[in-house]
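Spelled out, the chains give:
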Protein chains: 2
Amino acid sequence: MGRKRTKSGKIRLAEVAELAGVSPITASRFFRNPEALSVAKRTRVESAAKELGYVPNLAARALASQRTEVIGVLIPSLTNNVFSDVLRGIYDASEGSRYSIQLSNTRYSILQEEKLLRLFLAQKPAGLIVTGIDQTAESRAMLEAADCPIVQIMEIGPNPVDMMIGFSHYDAARAAVAHLFAQGRRKIGFVGARMDPRVQRRLDGYVSAMKDAGLFEQRLVVTTATPTSVTLGGALFTDLLAREPDLDAVFCANDDLALGVLFECRRREIGVPEQIAIVGFNDLEFMASAVPTLTSVRTNRYEMGKTAAAMLIEAIEGRRPELPVLDLGFKVIERQSSSSRPSDNRPAVSGGGTANKMVALPSSHD
Amino acid sequence: MGRKRTKSGKIRLAEVAELAGVSPITASRFFRNPEALSVAKRTRVESAAKELGYVPNLAARALASQRTEVIGVLIPSLTNNVFSDVLRGIYDASEGSRYSIQLSNTRYSILQEEKLLRLFLAQKPAGLIVTGIDQTAESRAMLEAADCPIVQIMEIGPNPVDMMIGFSHYDAARAAVAHLFAQGRRKIGFVGARMDPRVQRRLDGYVSAMKDAGLFEQRLVVTTATPTSVTLGGALFTDLLAREPDLDAVFCANDDLALGVLFECRRREIGVPEQIAIVGFNDLEFMASAVPTLTSVRTNRYEMGKTAAAMLIEAIEGRRPELPVLDLGFKVIERQSSSSRPSDNRPAVSGGGTANKMVALPSSHD
DNA sequence: GTCGTTGCTGGTAGCGCTGTCAACGATCCT
DNA sequence: AGGATCGTTGACAGCGCTACCAGCAACGAC
């Protein structure tokens with residue numbers, strides 16, 4: 001435990017500097033801004049660091065520089081497949097950068113989000129990624145006062161706190177319903193679970209499209225606050241069918257529900273799409289291999305996460321993006337479950353259905 | 001920018017101490033070990049901290065105390081549902097504790113794992129959770145030299161580095177095959193993807209069970225290094241069927257593959273379970289609502305993550321668990337897809353199938 | 001040739017907190 | 001009653017790094 005000069009075998013910046021024959025501060029600069037060093041010293045420090053196996057002490061760095069290299073990420077759920085894709089994108093983009101990801105789960109509670117936000121902000125993160133646009137007033141104020149870049153993900157809307165990347169759930173839902181109209185469906189039910197703000201906006205989109213066509217009826221909508229699941233999809237569909245036996249299509253707020261509806265149809269020997277068409281949301285992998293293959297609205301989740309983190313890192317380093325709001329769009333992927341030609345076997349994804357479209361919308365949907 | 005004594009409005013421990021009328025070190029102790037303070041000072045510091053809205057500076061704390069309050073978690077995949085359940089458990093257990101989770105993705109590469117481990121260890125984490133028991137020799141050495149508690153999760157095996165929590169994939173696979181034997185199946189195929197060490201051990205279990213029954217044939221095994229997916233399940237099953245048209249059952253290394261096999265059967269109009277029985281692995285939520293419902297091997301993923309983190313935190317705080325190795329077991333959940341009585345509609349989970357069992361095994365499976 | 005400019009380097013002084021150890025009063029024991 | 005013990009408190013000295021600013025050489029402009 002001889003701790004006077006050499007310390008307990010630990011390699012500090014001072015050791016690297018000594019070996020390289022420079023001052024500690026110069027060695028420090030090598031890691032912070034190598035361009036500022038002369039080439040000679042740069043290589044000397046570099047090889048000294050490598051030789052000693054130097055690893056910087058992040059705590060000391062954070063303390064001295066008064067900022068951390070942590071990107072805080074607030075998402076509402078770890079279970080939801082949708083977020084695991086987004087997260088993967090975020091982690092991929094952060095890899096190789098100096099920033100590390102600090103993840104927290106709001107459990108779909110904006111109060112919990114506010115609490116976590118306060119916690120995060122106190123640690124002076126380098127940047128923040130938050131989900132959605134529905135924060136408490138308090139959260140909103142904290143975000144606006146934060147002196148770090150912030151990206152809101154998952155959806156776009158007016159008044160971004162800083163940057164924003166996502167798509168319009170409202171428009172996506174309208175497009176899904178329009179697709180069903182194009183297939184000649186009229187009595188289109190809506191099945192939704194959890195009813196977080198984004199699902200709510202999908203419902204809003206559905207309602208508006210139905211109203212536009214003069215086909216909206218309240219009893220066509222079945223929702224619950226319960227977390228989503230395949231089983232729940234079957235249960236909600238059962239309810240829906242009891243209310244409206246003449247149903248000819250179901251728009252599901254996500255793919256798990258859609259799969260549940262498909263299984264329930266099979267259980268009841270209801271023909272899909274002959275009797276009932278099914279459209280899901282997110283286009284998870286299994287949708288393309290279900291029997292029949294399931295139509296869904298594709299969203300670019302991985303790309304969203306990756307781009308969000310990349311934008312954030314750029315902004316942290318002072319290179320703000322030209323466009324603070326990015327609309328990643330969506331695409332209705334028409335498959336057998338909603339085809340008007342039931343026996344149609346053409347490739348699902350690239351099928352040129354009339355409703356296939358990739359839109360790039362303005363930030364708000366009015 | 002007046003930074004001489006009061007600093008830029010920041011609340012430091014010194015401010016709290018001053019307001020409370022104690023020395024900074026006493027205030028510090030309040031957060032570290034409140035029991036050591038007299039009740040009077042404790043309440044004084046507490047109210048002072050609350051009044052000022054004091055938030056400790058973690059960087060300073062880490063620097064001064066030479067340790068962090070970070071739990072490092074190394075998992076091989078963020079996409080896999082299995083890990084999202086485990087992660088949820090880990091995050092749930094860490095919530096409310098002083099520890100924060102630092103997650104890294106090894107992408108199923110033990111070299112990447114080694115690299116990340118080195119990175120983590122350099123930051124002196126409070127504890128570490130690593131996936132599986134197959135580390136490089138170098139990683140193993142680092143783990144053993146680490147001066148923090150470590151939990152290996154997902155499976156159990158001999159020679160734990162420190163603590164270990166999981167179950168025997170080998171035994172679980174044997175149980176699944178035994179269940180199929182009990183249903184009168186003989187030509188049982190194996191379908192596996194990714195073939196990480198745990199899937200490999202499931203294969204080993206399958207092979208040994210088949211050999212024990214004198215039924216093993218190499219052509220019954222179809223595997224690929226490709227990441228798993230529902231679609232892949234269908235494709236691998238197609239291969240399997242081409243090699244062995246008389247197949248009467250398929251044991252899938254995971255549930256996604258099983259779902260793919262189910263869809264493929266439907267596509268080919270193969271009766272499940274009349275012609276072919278299907279058994280999956282993990283018992284994801286959708287297995288119970290598929291048509292027919294799908295038999296699977298239930299694993300306690302959420303509990304595994306939660307217990308792992310809880311054990312780790314206990315160990316960090318000096319309370320080592322009585323048993324360093326915890327076997328969470330598994331359970332074959334018999335459902336319609338593997339029933340010998342195809343039209344059987346009894347509840348899937350609690351069905352008293354002969355192969356239903358919850359085992360608690362010794363740490364290794366020899 | 002002198003002056004200012006630029007580019008690079010180093011010294012000083014903390015960042016906010018906690019480990020160590022000494023000091024203090026109160027309680028306990030003989 | 002005196003000393004030992006315990007529980008509680010505070011002073012001091014950094015933890016390893018970087019912000020700030022000064023210094024110095026090399027260079028170009030006049």
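Residues numbered from 1 in each chain as written. Chains lettered and ligands numbered in written order. Predicted model: local features only at pLDDT ≥ 70, side-chain atom pairs only at ≥ 80, totals over all residues. Heavy atoms only, no water.

In the annotation of an unreviewed UniProt entry, chain A is listed under the name LacI family transcriptional regulator and assigned to Bradyrhizobium sacchari.

Trainee: Teacher, can you tell me more about the protein's contact with DNA strand D here?
Mentor: Lining the immediate environment of DNA strand D, one finds 28 residues, of which L13, S28 and Y54 of chain A together with T26 and R29 of chain B sit closest. Here DNA strand D approaches the protein such that, of its atoms within 4 Å, sugar and phosphate make up 71%. A distance of 2.7 Å separates a base nitrogen of DNA strand D from a polar atom in the side chain of R29 of chain B. Taken together, the elements giving at least two residues each to the surface near DNA strand D come down to helix 2 (24-32) and helix 4 (58-65) of chain A together with helix 2 (24-32) and helix 4 (58-65) of chain B. Per element, the largest residue contribution to the surface near DNA strand D is 4 residues, and it comes from helix 4 of chain A. A per-class count over the surface near DNA strand D returns 12 nonpolar, 7 polar and 9 charged. (Near = heavy atom within 4 Å. Polar contact = N/O pair within 3.5 Å; in protein donor to acceptor, adjacent residues only side chain to side chain. Helix = DSSP H or I, 4+ residues; strand = E, 2+ residues; numbered from the N terminus. Nonpolar A, V, L, I, M, F, W, Y, C, P; charged D, E, K, R; others polar.)

Trainee: Just to check I follow, could you spell out the relation of the copies chain A and chain B for this structure?
Mentor: Think of it as a corkscrew move, a rotation about one axis and a shift along it, taking one chain copy to the other. Turning chain A through 180 degrees and shifting it by 0.0 Å along the axis lays it on chain B, with an RMSD of 0.1 Å. Given the turn and translation reported, the copies of this chain are related as if by a two-fold rotation axis. Within chain A, A59 of chain A has its C-alpha nearest the rotation axis, a separation of 2.3 Å. Mapped onto chain B, 100% of the interface residues of chain A again fall at the interface, so both copies present the same surface. (Least-squares fit on C-alpha atoms with pLDDT ≥ 70 in both. Contact = heavy atoms within 4.5 Å.)

Trainee: What exactly am I supposed to notice about the nonpolar core here?
Mentor: Most often, soluble globular proteins have nonpolar side chains that are buried together. Counting 172 residues, the largest nonpolar core has Y206 and F251 of chain A together with Y206 and F251 of chain B as the members making the most contacts within it. Residues in contact with Y206 of chain A, not counting those within four places in the same chain, are A173, V177, I188, G189, F190, F216, L220, V221 and F251 of chain A. (Core = buried A, V, L, I, M, F, W, Y, C linked by side-chain atoms within 4.5 Å. Buried < 20%, exposed > 50% of the residue type's maximum accessible area, 1.4 Å probe, protein only.)

Trainee: Would you take a moment to explain unusual backbone geometry for this structure?
Mentor: Working note: non-glycine residues mostly have negative phi, and peptide bonds are mostly trans. All names here are of chain B. Cis geometry marks the peptide bond from V272 to P273, where omega comes out at 10 degrees. For P273, the location among the structural elements is in the loop between helix 11 (255-268) and strand 9 (277-279). Residue P292 follows V291 across a cis peptide bond; omega there is -5 degrees. Although it is not a glycine, Q66 sits at a positive phi angle of roughly 65 degrees.

Trainee: Help me understand the sheet that holds strand 5 (residues 163-167) of chain B in this model?
Mentor: Paired through backbone hydrogen bonds, the strands of a sheet run either parallel or antiparallel to each other. All names here are of chain B. Strand order in the open sheet formed by 6 strands is 2-1-3-4-5-11, with parallel pairing between adjacent strands. Every interior strand has two partners, whereas the edge strands, strand 2 (100-105) and strand 11 (325-327), have only one. Ignoring which end each strand starts from, the neighbouring axes of this sheet average 15 degrees apart. Pairing between strand 3 (residues 127-131) and strand 4 (residues 150-155): 4 bridges, direction parallel. Paired with T131 across the two strands is I153, which belongs to strand 4. (Pairing = 2+ DSSP bridges. Axes fitted to C-alpha atoms, helices over the stretch in contact; angles between N-to-C directions.)

Trainee: Looking at this model, I keep getting lost on the protein's contact with DNA strand C. Mind explaining?
Mentor: The local shell around DNA strand C holds 28 residues, among which T26 and K41 of chain A together with L13, S28 and Y54 of chain B are the closest. Close to the protein, within 4 Å, the atoms of DNA strand C are drawn from sugar and phosphate at a rate of 70%. S23 of chain A has a polar backbone atom sitting 3.0 Å from a phosphate oxygen of DNA strand C. In the model, a base nitrogen of DNA strand C is placed 3.4 Å from a nitrogen or oxygen of the A60 of chain B main chain. Mapped onto the surface near DNA strand C, the elements with two or more residues apiece are helix 2 and helix 4 of chain A together with helix 2 and helix 4 of chain B. Examining the composition of the surface near DNA strand C, we find that 4 residues originate from one element, helix 4 of chain B, more than from any other. Grouping the constituent residues of the surface near DNA strand C by class yields 12 nonpolar, 7 polar and 9 charged.

Trainee: What should I look at first to understand the pairing of strand 2 (residues 100-105) of chain A in this one?
Mentor: Here is the key point about a regular strand: its side chains alternate between the two faces of the sheet. All names here are of chain A. With 5 of 6 residues buried, strand 2 is to be regarded as a mostly interior element. As paired strands, strand 1 (residues 70-75) and strand 2 are joined by 6 bridges and run parallel to one another. Of the residues in strand 2, the one forming a bridge with V73 is L103.

Trainee: Is there a simple way to explain helix 2 of chain A in this structure?
Mentor: The α-helix advances 3.6 residues per turn, and as a result positions three or four apart in sequence lie on the same side. Residue and element names in this part refer to chain A. All buried positions along helix 2 are accounted for by T26, A27 and F30. Down the axis of helix 2, the buried side of the element spans an arc of 100 degrees, and every buried residue falls inside it. Of the surrounding elements, those touching the buried residues of helix 2 are helix 1 (13-20) and helix 3 (39-52). (Arc of directions from axis to C-beta.)

Trainee: How should the pairing of strand 3 (residues 127-131) of chain A be read in this particular structure?
Mentor: All names here are of chain A. With 5 of 5 residues buried, strand 3 is to be regarded as a mostly interior element. Residue alternation in strand 3 divides its side chains into two sets, G127, I129 and T131 and L128 and V130, and both sets are buried. Where strand 1 and strand 3 come together, 4 bridges link them in parallel fashion. Pairing of I71 across the sheet is with G127, part of strand 3.

Trainee: Which parts of the structure should I look at to understand the interface of chain A and chain B?
Mentor: By a widespread convention, an interface's size corresponds to the accessible area lost as its parts come together. The interface is formed by 43 residues belonging to chain A together with 43 residues belonging to chain B. The contact between chain A and chain B buries some 3800 Å² in all, and 54% of this surface belongs to carbon and sulfur atoms. It is L78, F263 and V291 of chain A that lose the most area in chain A upon contact with chain B, and together they represent 15% of the buried surface on that side. For the pair chain A and chain B, the interface holds 4 salt bridges. Between E95 of chain A and R107 of chain B there is a salt bridge, with its nearest N and O atoms 3.3 Å apart. Here chain A and chain B share 19 residue pairs in polar contact (both at pLDDT 80 or more) between them. (Buried area = accessible area lost by both parts, 1.4 Å probe. Salt bridge = Lys/Arg side-chain N within 4 Å of Asp/Glu carboxyl O.)

Trainee: Help me understand the sheet that holds strand 7 (residues 221-224) of chain B, please; the structure alone is not making it clear to me.
Mentor: Residue and element names in this part refer to chain B. If you walk across this open sheet you meet the 4 strands as 7-6-8-9, and the pairing is parallel. Two strands lie at the open edges of the sheet, namely strand 7 and strand 9, each paired on one side alone. Along the sheet, successive strands turn relative to each other by an average axial angle of 15 degrees, direction set aside. When strand 6 (residues 188-193) meets strand 7, the two strands line up parallel, connected through 4 bridges. Paired with A193 across the bridge in strand 7 is T224. Of the strands in this sheet, strand 6, strand 7 and strand 8 (249-252) are in contact with helix 10 (residues 230-243), which crosses strand 7 at around 145 degrees.

Trainee: Which parts of the structure should I look at to understand the packing of helix 1 (residues 13-20) of chain B against helix 3 (residues 39-52) of chain B?
Mentor: A pair of packed helices is captured by two measures, namely the crossing angle of their axes and the spacing between those axes. Residue and element names in this part refer to chain B. Where helix 1 contacts helix 3, the axes come no closer than 8 Å and their chain directions differ by 125 degrees. Classified by the angle their axes make, helix 1 and helix 3 are oblique. In terms of crossing hand, the pair formed by helix 1 and helix 3 is right-handed. Between helix 1 and helix 3, the contacting residues are E15, V16, L19 and A20 on the first element and R44, V45, A48, A49, E51 and L52 on the second. Across the contact of helix 1 with helix 3, the residue classes tally to 7 nonpolar, no polar and 3 charged. (Parallel < 35°, antiparallel > 145°, perpendicular 65-115°, else oblique. Left-handed = near helix turned anticlockwise from the far one by under 90°.)

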